[in-house]
Amino acid sequence: MDASIAMNDTLTQLLGMAGIYAPLALGALGSIVGCARAGQAACGAMLETESGHGRFVGVAAMPASQTIYGIVIMLALNRDVTASNAGLLFALGVLAGLIQLASATYQGSCAAAAIDAAKNKPEILGLAVAPAAIVEGFAVFGFAFALLLGAGIPK
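Residues numbered from 1 in each chain as written. Predicted model: local features only at pLDDT ≥ 70, side-chain atom pairs only at ≥ 80, totals over all residues. Heavy atoms only, no water.

For the pair helix 3 (residues 65–77) and helix 4 (residues 86–120), the least separation of the axes is 9 Å and the interaxial angle reads 170°. Taken as axis vectors, helix 3 and helix 4 run roughly antiparallel relative to one another. Every residue of helix 4 that contacts helix 3 at Ser65, Gln66, Tyr69, Ile73 and Leu77 is listed here: Leu89, Leu92, Gly93, Ala96, Gln100, Ser103, Ala104 and Gln107. Each residue belonging to the contact of helix 3 with helix 4 can be placed in one class, and the counts come to seven nonpolar, six polar and no charged. (Axes fitted to C-alpha atoms, helices over the stretch in contact; angles between N-to-C directions. Helix = DSSP H or I, 4+ residues; strand = E, 2+ residues; numbered from the N terminus. Parallel < 35°, antiparallel > 145°, perpendicular 65-115°, else oblique. Contact = heavy atoms within 4.5 Å. Nonpolar A, V, L, I, M, F, W, Y, C, P; charged D, E, K, R; others polar.)

Spelled out as structure tokens, the structure:
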């Protein structure tokens, strides 16, 4: 019986800690994928254009912000893990992290498309980046909701 209780306590601790660190881990993973996708498009565009290379690099870096959101969510969720808060920490942390992962990944795809369009018609880059900015908005919504909901989780 004592081993079973110890195992449950360990699992509870692991799930709670996973929830605390999931926003950073998943947000960073999404940023890696998104920046890589957009960065590859930027490299290709640089080979085909004579100028504007800095703009391509700037657009390619857009998905990096989800890592920052993940860090802040992680810090907001950081607390002692107990039996009463472990499940909430896990659920909120993983879901918030998945929002950041998906947002950064798809934002990278939007940024890559904007870069591809702008290499042929540089004057449209501002408009072409709008879909990537809209996707960023969903990351911000997830970020804000995670902070609001996280404040209600017992310490």
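Counted by the stated rule, this structure contains two aromatic pairs. Taking the centre distance of 5.1 Å and the plane angle of 35° together, the rings of tyrosine 69 and phenylalanine 143 count as tilted. A residue pair is termed long-range when its members are at least 10 positions apart, and tyrosine 69 in helix 3 and phenylalanine 143 in helix 6 (residues 130–150) qualify at 74 residues. Assigned by exposure class, tyrosine 69 and phenylalanine 143 land together as buried. Relative to phenylalanine 141, the ring of phenylalanine 138 lies with its centre 6.0 Å away and its plane at 80°, an arrangement referred to as edge-to-face. Taken together, the residues phenylalanine 138 and phenylalanine 141, both in helix 6 and three residues apart, mark about one turn of the helix. (Phe/Tyr/Trp six-rings, centres within 6.5 Å; stacked < 30°, edge-to-face > 60°. Buried < 20%, exposed > 50% of the residue type's maximum accessible area, 1.4 Å probe, protein only.)

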